[in-house]
Amino acid sequence: EPEVTQTPSHQVTQMGQEVILRCVPISNHLYFYWYRQILGQKVEFLVSFYNNEISEKSEIFDDQFSVERPDGSNFTLKIRSTKLEDSAMYFCATGLAAISYEQYFGPGTRLTVT
Amino acid sequence: AQTVTQSQPEMSVQEAETVTLSCTYDTSESDYYLFWYKQPPSRQMILVIRQEAYKQQNATENRFSVNFQKAAKSFSLKISDSQLGDAAMYFCAYEYSGGSNYKLTFGKGTLLTVNP
(Lines give C-alpha, C1' and ligand atoms only; values in the text may rest on other atoms or scores of the structure.)
Protein backbone atom coordinates (compact mmCIF):
# COMPACT_ATOMS: atom_id res chain seq x y z
CA GLU A 1 0.00 0.00 0.00
CA PRO A 2 1.44 3.41 -0.93
CA GLU A 3 2.44 5.61 1.98
CA VAL A 4 3.77 9.03 2.78
CA THR A 5 7.37 9.02 3.98
CA GLN A 6 9.27 11.69 5.90
CA THR A 7 12.93 12.29 6.58
CA PRO A 8 14.62 12.61 8.94
CA SER A 9 12.68 10.89 11.70
CA HIS A 10 14.44 13.04 14.29
CA GLN A 11 16.36 16.26 13.82
CA VAL A 12 18.26 18.06 16.54
CA THR A 13 19.39 21.58 15.75
CA GLN A 14 20.67 24.64 17.54
CA MET A 15 18.59 27.77 17.87
CA GLY A 16 19.06 30.05 14.89
CA GLN A 17 19.97 27.28 12.47
CA GLU A 18 18.04 26.44 9.33
CA VAL A 19 16.33 23.07 8.98
CA ILE A 20 14.67 21.38 6.05
CA LEU A 21 12.14 18.66 6.65
CA ARG A 22 11.37 16.39 3.74
CA CYS A 23 8.28 14.51 2.68
CA VAL A 24 7.68 12.14 -0.21
CA PRO A 25 3.97 12.17 -1.01
CA ILE A 26 1.93 9.35 -2.44
CA SER A 27 2.63 9.56 -6.15
CA ASN A 28 -0.74 10.61 -7.56
CA HIS A 29 -1.70 12.98 -4.77
CA LEU A 30 -2.27 16.62 -5.56
CA TYR A 31 -2.72 18.33 -2.20
CA PHE A 32 0.03 18.62 0.35
CA TYR A 33 -0.02 19.77 3.94
CA TRP A 34 2.21 20.37 6.91
CA TYR A 35 0.92 20.06 10.44
CA ARG A 36 2.68 20.59 13.74
CA GLN A 37 2.16 18.95 17.10
CA ILE A 38 3.91 20.38 20.11
CA LEU A 39 4.38 17.68 22.74
CA GLY A 40 1.18 17.06 24.64
CA GLN A 41 -0.87 19.42 22.52
CA LYS A 42 -3.20 19.09 19.58
CA VAL A 43 -2.20 18.82 15.96
CA GLU A 44 -2.20 22.24 14.28
CA PHE A 45 -2.45 23.11 10.61
CA LEU A 46 0.52 25.01 9.20
CA VAL A 47 0.13 25.22 5.44
CA SER A 48 -1.52 23.67 2.42
CA PHE A 49 0.04 23.49 -1.03
CA TYR A 50 -1.56 22.81 -4.38
CA ASN A 51 -0.50 23.36 -7.97
CA ASN A 52 2.94 24.54 -6.86
CA GLU A 53 1.72 27.30 -4.63
CA ILE A 54 0.50 27.85 -1.10
CA SER A 55 -3.29 27.72 -0.98
CA GLU A 56 -3.67 28.51 2.70
CA LYS A 57 -1.45 29.11 5.70
CA SER A 58 -2.06 29.53 9.38
CA GLU A 59 -0.85 32.37 11.59
CA ILE A 60 1.87 30.03 12.84
CA PHE A 61 3.36 29.93 9.33
CA ASP A 62 5.26 33.19 9.46
CA ASP A 63 8.16 34.46 7.35
CA GLN A 64 10.51 31.95 8.97
CA PHE A 65 8.69 29.11 7.23
CA SER A 66 8.60 28.18 3.58
CA VAL A 67 7.50 25.20 1.51
CA GLU A 68 8.33 23.96 -1.94
CA ARG A 69 8.39 20.97 -4.25
CA PRO A 70 11.91 21.37 -5.63
CA ASP A 71 11.86 18.38 -7.95
CA GLY A 72 8.19 17.64 -8.41
CA SER A 73 8.27 14.75 -5.96
CA ASN A 74 9.67 15.82 -2.60
CA PHE A 75 7.69 18.32 -0.58
CA THR A 76 9.81 20.29 1.87
CA LEU A 77 9.27 22.52 4.87
CA LYS A 78 12.07 24.93 5.64
CA ILE A 79 12.47 26.82 8.88
CA ARG A 80 15.02 29.58 8.29
CA SER A 81 16.07 30.44 11.82
CA THR A 82 14.79 27.96 14.36
CA LYS A 83 13.52 28.99 17.76
CA LEU A 84 13.11 26.91 20.89
CA GLU A 85 9.34 26.99 20.43
CA ASP A 86 9.66 25.33 17.04
CA SER A 87 10.41 22.07 18.83
CA ALA A 88 7.58 19.79 17.83
CA MET A 89 6.53 16.84 15.74
CA TYR A 90 5.99 17.89 12.14
CA PHE A 91 3.62 15.82 10.04
CA CYS A 92 3.32 15.88 6.30
CA ALA A 93 -0.03 14.85 4.86
CA THR A 94 -1.14 14.39 1.29
CA GLY A 95 -4.49 13.95 -0.38
CA LEU A 96 -6.18 13.34 -3.67
CA ALA A 97 -9.05 15.69 -3.04
CA ALA A 98 -10.80 15.12 -6.32
CA ILE A 99 -11.69 11.61 -5.28
CA SER A 100 -11.26 11.35 -1.57
CA TYR A 101 -11.12 13.87 1.20
CA GLU A 102 -8.91 11.65 3.26
CA GLN A 103 -5.49 12.97 4.15
CA TYR A 104 -2.73 10.43 4.47
CA PHE A 105 -0.20 11.26 7.13
CA GLY A 106 3.48 10.51 7.18
CA PRO A 107 5.17 9.18 10.32
CA GLY A 108 6.38 12.63 11.32
CA THR A 109 9.71 14.31 11.99
CA ARG A 110 10.56 15.15 15.57
CA LEU A 111 12.37 18.48 15.62
CA THR A 112 14.30 19.38 18.73
CA VAL A 113 15.74 22.88 18.96
CA THR A 114 18.34 23.38 21.66
CA ALA B 1 -13.53 29.86 12.59
CA GLN B 2 -14.22 26.22 13.11
CA THR B 3 -13.43 24.65 16.46
CA VAL B 4 -13.39 21.06 17.62
CA THR B 5 -13.79 20.15 21.28
CA GLN B 6 -12.99 16.86 22.92
CA SER B 7 -14.07 17.13 26.53
CA GLN B 8 -12.51 13.87 27.73
CA PRO B 9 -8.72 14.17 28.07
CA GLU B 10 -8.49 10.52 29.13
CA MET B 11 -10.70 7.45 29.01
CA SER B 12 -10.18 3.85 29.98
CA VAL B 13 -11.97 0.65 29.03
CA GLN B 14 -11.68 -3.01 29.84
CA GLU B 15 -10.63 -5.29 27.05
CA ALA B 16 -13.69 -6.59 25.13
CA GLU B 17 -15.90 -3.82 26.49
CA THR B 18 -17.34 -0.83 24.62
CA VAL B 19 -16.25 2.77 25.00
CA THR B 20 -17.53 6.01 23.53
CA LEU B 21 -15.36 9.05 22.90
CA SER B 22 -17.06 12.43 22.62
CA CYS B 23 -16.51 15.24 20.16
CA THR B 24 -18.39 18.45 19.47
CA TYR B 25 -17.62 21.02 16.85
CA ASP B 26 -18.65 24.47 15.85
CA THR B 27 -19.16 25.58 12.27
CA SER B 28 -21.47 27.75 10.23
CA GLU B 29 -20.98 25.57 7.16
CA SER B 30 -23.38 22.86 6.01
CA ASP B 31 -20.98 20.79 3.89
CA TYR B 32 -18.08 19.25 5.72
CA TYR B 33 -16.39 16.05 6.75
CA LEU B 34 -15.65 14.71 10.18
CA PHE B 35 -12.91 12.26 11.04
CA TRP B 36 -11.52 10.26 13.86
CA TYR B 37 -7.77 9.73 13.74
CA LYS B 38 -5.82 7.37 15.96
CA GLN B 39 -2.30 8.18 17.10
CA PRO B 40 -0.56 5.23 18.76
CA PRO B 41 2.73 5.63 20.64
CA SER B 42 4.55 5.43 17.30
CA ARG B 43 3.00 8.92 16.72
CA GLN B 44 1.78 8.24 13.17
CA MET B 45 -1.76 9.49 12.53
CA ILE B 46 -4.05 6.76 11.24
CA LEU B 47 -7.53 7.40 9.89
CA VAL B 48 -10.13 5.40 11.82
CA ILE B 49 -13.41 6.55 10.33
CA ARG B 50 -14.91 9.33 8.23
CA GLN B 51 -18.39 10.87 8.08
CA GLU B 52 -19.78 13.11 5.39
CA ALA B 53 -22.10 15.74 6.83
CA TYR B 54 -24.68 15.31 4.08
CA LYS B 55 -25.15 11.65 4.96
CA GLN B 56 -27.67 10.89 7.66
CA GLN B 57 -26.48 7.33 8.09
CA ASN B 58 -23.76 6.90 10.68
CA ALA B 59 -20.46 5.56 9.38
CA THR B 60 -19.17 2.20 10.58
CA GLU B 61 -15.84 0.45 10.12
CA ASN B 62 -15.77 -2.97 11.71
CA ARG B 63 -15.65 -2.39 15.48
CA PHE B 64 -15.71 1.40 15.08
CA SER B 65 -18.87 3.40 14.58
CA VAL B 66 -19.94 6.98 15.01
CA ASN B 67 -23.00 8.75 16.31
CA PHE B 68 -23.32 11.83 14.15
CA GLN B 69 -25.84 14.41 15.34
CA LYS B 70 -25.65 17.28 12.86
CA ALA B 71 -28.10 19.60 14.60
CA ALA B 72 -26.31 19.15 17.89
CA LYS B 73 -22.89 19.32 16.17
CA SER B 74 -21.85 16.17 17.92
CA PHE B 75 -19.69 13.36 16.54
CA SER B 76 -18.89 10.57 18.99
CA LEU B 77 -16.83 7.45 18.32
CA LYS B 78 -17.87 4.08 19.68
CA ILE B 79 -15.33 1.29 19.91
CA SER B 80 -16.86 -2.12 20.44
CA ASP B 81 -15.03 -5.20 21.71
CA SER B 82 -12.04 -3.06 22.68
CA GLN B 83 -8.63 -4.58 22.05
CA LEU B 84 -5.26 -3.82 23.59
CA GLY B 85 -4.15 -2.45 20.21
CA ASP B 86 -6.84 0.22 20.41
CA ALA B 87 -4.88 2.01 23.11
CA ALA B 88 -3.86 5.33 21.61
CA MET B 89 -4.62 9.03 21.47
CA TYR B 90 -7.77 9.66 19.45
CA PHE B 91 -8.30 12.93 17.63
CA CYS B 92 -11.55 14.21 16.25
CA ALA B 93 -11.11 16.41 13.18
CA TYR B 94 -13.21 18.66 10.97
CA GLU B 95 -12.69 19.47 7.31
CA TYR B 96 -14.69 22.00 5.31
CA SER B 97 -15.51 20.51 1.92
CA GLY B 98 -16.65 23.62 0.11
CA GLY B 99 -13.33 25.39 -0.35
CA SER B 100 -10.29 24.80 -2.53
CA ASN B 101 -8.21 23.06 0.05
CA TYR B 102 -9.06 20.68 2.80
CA LYS B 103 -7.22 21.51 5.96
CA LEU B 104 -8.06 19.56 9.06
CA THR B 105 -8.95 21.20 12.34
CA PHE B 106 -8.25 18.89 15.25
CA GLY B 107 -9.50 18.62 18.78
CA LYS B 108 -7.07 18.23 21.67
CA GLY B 109 -7.45 14.48 21.74
CA THR B 110 -8.58 11.76 24.12
CA LEU B 111 -6.05 9.31 25.48
CA LEU B 112 -7.62 5.86 25.54
CA THR B 113 -6.24 3.18 27.82
CA VAL B 114 -7.34 -0.42 27.38
CA ASN B 115 -7.02 -2.57 30.47
CA PRO B 116 -6.50 -6.32 30.12
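Preceding this section is the structure that the text describes.
A short tour of the structure in this document, coming up. (Residues numbered from 1 in each chain as written. Chains lettered and ligands numbered in written order. Predicted model: local features only at pLDDT ≥ 70, side-chain atom pairs only at ≥ 80, totals over all residues. Heavy atoms only, no water.)

## Describing the overall build of chain B
Point 1. Looking only at helices and strands, chain B has 0 helices and 12 strands in total.
Point 2. Shown N-terminal to C-terminal, the secondary structure of chain B runs as helices and strands in the order β-β-β-β-β-β-β-β-β-β-β-β.
Point 3. Over its C-alpha trace chain B gives a radius of gyration of 14 Å, about what one expects of a compact globule, namely 13 Å for 116 residues.
Point 4. Principal-axis analysis of the C-alpha atoms places the extent of chain B at approximately 45 × 30 × 20 Å.
Point 5. When the 116 residues of chain B are sorted by exposure, 47% land in the buried category.
Point 6. Long-range contacts, defined here as pairs at least 24 residues apart, represent 55% of the contacts in chain B between residues at least 6 apart.
Point 7. Summed over its atoms, the accessible surface of chain B is roughly 5600 Å², and 45% of this surface lies on carbon and sulfur atoms.
Point 8. For chain B, the distance from the average site of its 10 positive side-chain charges to the average site of its 11 negative ones is 4 Å. (Helix = DSSP H or I, 4+ residues; strand = E, 2+ residues; numbered from the N terminus. Rg over C-alpha atoms; globule rule 2.2 N^0.38 Å. Buried < 20%, exposed > 50% of the residue type's maximum accessible area, 1.4 Å probe, protein only. Contact = heavy atoms within 4.5 Å. Areas by Shrake-Rupley, 256 points an atom, 1.4 Å probe, with all protein chains shown as cover. Lys, Arg positive; Asp, Glu negative; His and termini not counted. Charge placed at Lys NZ, Arg CZ, Asp CG, Glu CD.)

## Overview of the interface of chain A and chain B
Point 1. Each partner contributes residues to the interface: chain A has 22 residues there, and chain B has 20 residues.
Point 2. Regarding the contact of chain A and chain B, the summed buried area is about 2000 Å², with carbon and sulfur atoms giving 53% of it.
Point 3. If you look at where chain A meets chain B, you find 1 salt bridge.
Point 4. Measuring nitrogen to oxygen at the nearest pair gives 2.8 Å for the salt bridge that ties Glu56 of chain A to Lys103 of chain B.
Point 5. On inspection of chain A and its partner chain B, the count reaches 6 residue pairs in polar contact (both at pLDDT 80 or more).
Point 6. The element contributing the most residues to the side of chain A that touches chain B is strand E4 (residues 31–37) of chain A, with 4 residues. (Buried area = accessible area lost by both parts, 1.4 Å probe. Salt bridge = Lys/Arg side-chain N within 4 Å of Asp/Glu carboxyl O. Polar contact = N/O pair within 3.5 Å; in protein donor to acceptor, adjacent residues only side chain to side chain.)

## So, the nonpolar core
In globular proteins that are soluble, nonpolar side chains generally tend to be buried together.
Point 1. Tyr25, Trp36, Phe75, Leu77 and Tyr90 of chain B are the most contacted members of the largest nonpolar core, which has 25 residues in total.
Point 2. At the level of secondary structure, the elements contributing two or more residues to this core comprise strand E3 (19–21), strand E5 (32–39), strand E6 (46–52), strand E8 (64–69), strand E9 (74–79), strand E10 (88–96) and strand E12 (110–115) of chain B.
Point 3. With 4 residues, E10 of chain B is the largest single contributor of residues to this core.
Point 4. Sequence-distant contacts of Tyr90 of chain B, that is, excluding residues within four places in its chain, are made with Gln6, Leu21, Trp36, Tyr37, Lys38, Val48, Phe64, Leu77, Ile79, Gly109, Thr110 and Leu112 of chain B.
Point 5. Val19, Trp34, Leu46 and Val67 of chain A belong to the second largest nonpolar core, which has 22 residues in total. (Core = buried A, V, L, I, M, F, W, Y, C linked by side-chain atoms within 4.5 Å.)

## Brief notes about the state of the cysteines
Put plainly, two cysteines are in a disulfide when a covalent bond ties their sulfur atoms together.
Residue and element names in this part refer to chain A.
Point 1. Throughout the structure, instances matching the rule amount to 2 disulfides over all chains.
Point 2. For Cys23, the disulfide goes to Cys92, at an S-S distance of 2.0 Å. Residues Cys23 and Cys92 are joined by a disulfide whose S-S torsion is about -60 degrees; by sign, that bridge is left-handed. Of this pair, Cys23 sits in strand E3 (residues 19–24) while Cys92 sits in strand E9 (residues 88–95), and the two are 69 residues apart along the sequence. (Disulfide = S-S within 2.5 Å.)

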